[in-house]
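# Analysis of the macromolecular model
So you can see what is in the structure, the chains are spelled out below.
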Amino acid sequence: ARELLLLATQDIIFECNGNLYVQKDGVAMGSPLGPPLANVFMSTVDSMVASSSPVNISHYQRHLGVKGGTTEIETLHNWLNQLHPKIKFTCELEVNNEISFLDVNVKKDVNNDTYQTSTFIKPTDTGVFLNKMAVAPTVYKKSTIKYFINRIWTHTSSYTLFDKEINDLRKKVIQNGYTVNTFDSLVKQFLNSNFLMNWPLLNDKAETDILVTDSDV
């Protein structure tokens, strides 16, 4: 087994700009062995963190949540980056009681010790996605909009935030060439088909469903 593993992971040759190279470190990009080997490797780091961390860690799951002052966090960050020369951790601190993790923004209400979540959009986001005039199947275009609607639903912790983000998304949808009727119909279909709720957002809409046709999308 050891020989087979070494054969599959050592002296991997790849091509770049017409030249052949031998990969000296890491696993070849796209290799099926990459994810499991990375997981095995990081498991050793997990064990060291669990047994030898210099500060108290409130949560660890390949994402650290540390309660404490800036000094404690810096201490932990520096210690983590000394565990292995090829592994470097990044550190992000909350700003104004807010912090993002992946595509979720978490905000703490210091008055009642509760948390609100919303969708995190990178500052570099241009709002451009699959355009109405793109040469692509209609189902792809509708699915793109439905994905954004579903993400807003799963990421927002209150109806107020949901409504705000839906309105922001509506503007982006229009900028990408779709009609307001198309978007509002998809929002209504999403909520009615998945949750069967009478949302205030839909109260001012016509009771009859707006049909989304190929000419609309």
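A brief structural summary. Note that the structure is predicted; figures quoted are calculated from it, not measured. (Residues numbered from 1 in each chain as written. Predicted model: local features only at pLDDT ≥ 70, side-chain atom pairs only at ≥ 80, totals over all residues. Heavy atoms only, no water.)

## Things to note about the overall build of the protein
The number of helices and strands found in the protein is 6 helices and 7 strands. Ordered by position from N to C terminus, the α and β elements of the protein give α-β-β-α-β-β-α-β-β-β-α-α-α. Restricting to contacts in the protein with at least 6 residues of sequence separation, those with at least 24 account for 43%. If you sum the accessible surface of the protein, you get close to 15100 Å²; carbon and sulfur atoms cover 56% of it. (Helix = DSSP H or I, 4+ residues; strand = E, 2+ residues; numbered from the N terminus. Contact = heavy atoms within 4.5 Å. Areas by Shrake-Rupley, 256 points an atom, 1.4 Å probe, with all protein chains shown as cover.)

## Considerations on helix H4 (residues 138-155)
Given a rise of 1.5 Å per residue, 18 residues ought to cover 26 Å, and the 26 Å separating the end C-alpha atoms of H4 matches this to within 8%. Buried within H4 we find Lys 141, Thr 144, Ile 145, Phe 148, Ile 149, Arg 151, Ile 152 and His 155. Taken around the axis of H4, the buried residues stretch over an arc of 155°, which confines them to a single face. H4 presents Val 139 and Tyr 140 as exposed residues on the side facing more than 90 degrees away from its buried surface. As for H4, its buried residues are in contact with strand S6 (104-109), strand S7 (114-119), helix H5 (159-175) and helix H6 (180-194). (Expected span 1.5 Å × (residues − 1). Buried < 20%, exposed > 50% of the residue type's maximum accessible area, 1.4 Å probe, protein only. Arc of directions from axis to C-beta.)

## Section: the pattern of salt bridges
Taken as a whole and assessed by the stated rule, the structure comprises 4 salt bridges. Of the charged contacts, one joins Asp 113 and Lys 108 as a salt bridge, the two residues approaching to 3.5 Å between their closest N and O atoms. The exposure class of Asp 113 is exposed, given its relative accessible area of 53%. Overall, the relative accessible area of 30% leaves Lys 108 in the partly exposed class. A salt bridge links Lys 164 to Asp 168, with the nearest nitrogen and oxygen atoms 3.1 Å apart. Of this pair, Lys 164 and Asp 168 are both found in helix H5, 4 residues apart, which corresponds to roughly one turn of the helix. (Salt bridge = Lys/Arg side-chain N within 4 Å of Asp/Glu carboxyl O.)

## Looking at the packing of aromatic side chains
A full pass over the atoms with the stated rule returns 6 aromatic pairs. Ring geometry for Phe 129 and Tyr 178: centres 6.4 Å apart, planes at 15°, overall stacked. Of this pair, Phe 129 sits in the loop between S7 and H4 while Tyr 178 is found in the loop between H5 and H6, placing the two residues 49 residues apart along the sequence. In this structure, Phe 129 and Tyr 178 share a single accessibility class: buried. Ring centres of Tyr 159 and Phe 162 lie 6.2 Å apart, and the angle between their planes is 35°; this geometry places the pair in the tilted category. You can see Tyr 159 and its partner Phe 162 sitting in helix H5, 3 residues apart, about one turn around the helix. (Phe/Tyr/Trp six-rings, centres within 6.5 Å; stacked < 30°, edge-to-face > 60°.)

## Considering the pairing of strand S2 (residues 19-23)
Look at any regular strand and the pattern is simple: side chains alternate between the two faces of the sheet. As paired elements, strand S1 (residues 12-16) and S2 share 5 bridges and run antiparallel to each other. Directly across from Phe 14, in S2, lies its bridge partner Tyr 21. Remark: 2 residues form the turn of the hairpin made by S1 and S2, two consecutive strands paired antiparallel; Asn 17 in that turn has positive phi of roughly 55°. (Pairing = 2+ DSSP bridges.)

## Comments concerning the packing of H4 against H6
Pairs of packed helices are described in terms of their axes, by the angle between the two and the distance that separates them. Two numbers describe how H4 lies on H6: the axes approach to 10 Å, and their chain directions differ by 55°. Of the possible angle classes, the one that applies to H4 and H6 is oblique. In terms of crossing hand, the pair formed by H4 and H6 is right-handed. Listed contacts from H6 to Lys 142, Ile 145, Lys 146, Ile 149, Asn 150 and Trp 153 of H4 are Phe 183, Leu 186, Val 187, Phe 190 and Leu 191. Classifying every residue of the contact of H4 with H6 gives 8 nonpolar, 1 polar and 2 charged. (Axes fitted to C-alpha atoms, helices over the stretch in contact; angles between N-to-C directions. Parallel < 35°, antiparallel > 145°, perpendicular 65-115°, else oblique. Left-handed = near helix turned anticlockwise from the far one by under 90°. Nonpolar A, V, L, I, M, F, W, Y, C, P; charged D, E, K, R; others polar.)

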